[in-house]
Amino acid sequence: MNNNIAARTRATPPLWLFPAAHALHAVEEFFGGAGFSLAPQRMRGFNLTPVQFIVLNGVALPVLIYVFYLSRRRGFSQLLMLIIGSIMLVNGLLHVLTTIRTSAYTPGLITSPLIFIPLGVWTLLSLWGQMRWQRYCAGIALGGGMHVLISLVAHNGRTLFGG
């Protein structure tokens, strides 16, 4: 079987896995960090109040679901999967690396190697060869850039939103 046929027949993750993974990860981050103590210092690098964390993730989940719906209708679901898969892969790896660096549990550590990293890798591998390489690289770059923006909001939430 030549590589083109193999790439086209490779199964991509179902779209519903991405919002489900986000929801599980957010629940772990909340209850493993801010939710127990209601103190932001428990969540290394986060500067959000528990209410801000809940609101941001409460808005992010339906937006993610809608954008996936829209991407299917408009024909850019592969690009969106690549962007979100890249975000999840980077986020998952950073949770693991932070835990190794600090020798302490960081909220999100459990769902990172069990869900985020495998889903990110699966997405990137399954879409390799199914898109022009420029679009593929642009999707990964957009995912990396979006992760930076998400991190900036999480690290500066109290400054941005008050609290």
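Small disclaimer: the values here were computed from a predicted structure and weren't measured.

Thresholds, definitions, all that
- Residues numbered from 1 in each chain as written.
- Predicted model: local features only at pLDDT ≥ 70, side-chain atom pairs only at ≥ 80, totals over all residues.
- Heavy atoms only, no water.
- Helix = DSSP H or I, 4+ residues; strand = E, 2+ residues; numbered from the N terminus.
- Buried < 20%, exposed > 50% of the residue type's maximum accessible area, 1.4 Å probe, protein only.
- Contact = heavy atoms within 4.5 Å.
- Areas by Shrake-Rupley, 256 points an atom, 1.4 Å probe, with all protein chains shown as cover.
- Core = buried A, V, L, I, M, F, W, Y, C linked by side-chain atoms within 4.5 Å.

The helix and strand tally for the protein stands at six helices and zero strands. Put simply, the protein runs from its N terminus to its C terminus through helices and strands in the order α-α-α-α-α-α. Per-residue burial over the protein gives 39% buried out of 163 residues. Of the contacts formed within the protein by residues at least 6 apart in sequence, a portion of 76% connects residues at least 24 apart. With an accessible surface of roughly 9300 Å², the protein has 70% of that area assigned to carbon and sulfur atoms.

Another aspect to go through is unusual backbone geometry. Of note in this structure, Ser-103 is not a glycine but carries a positive phi near 55 degrees. The class of Ser-103 is exposed, set by a relative accessible area of 66%.

Let us look at the nonpolar core. Formed by 21 residues in total, the largest nonpolar core has its most connected members in Phe-18, Phe-68, Ile-84 and Met-88. Counting only elements with at least two residues in this core, the list comes to α2 (17-37), α3 (50-74), α4 (77-102) and α5 (111-127). In terms of residue count, α4 provides more of this core than any other element does, nine residues in total. When sequence neighbours within four positions are dropped, the list of residues in contact with Phe-18 reads Pro-13, Leu-64, Phe-68, Met-81, Ile-84, Gly-85, Met-88, Leu-119 and Thr-123.

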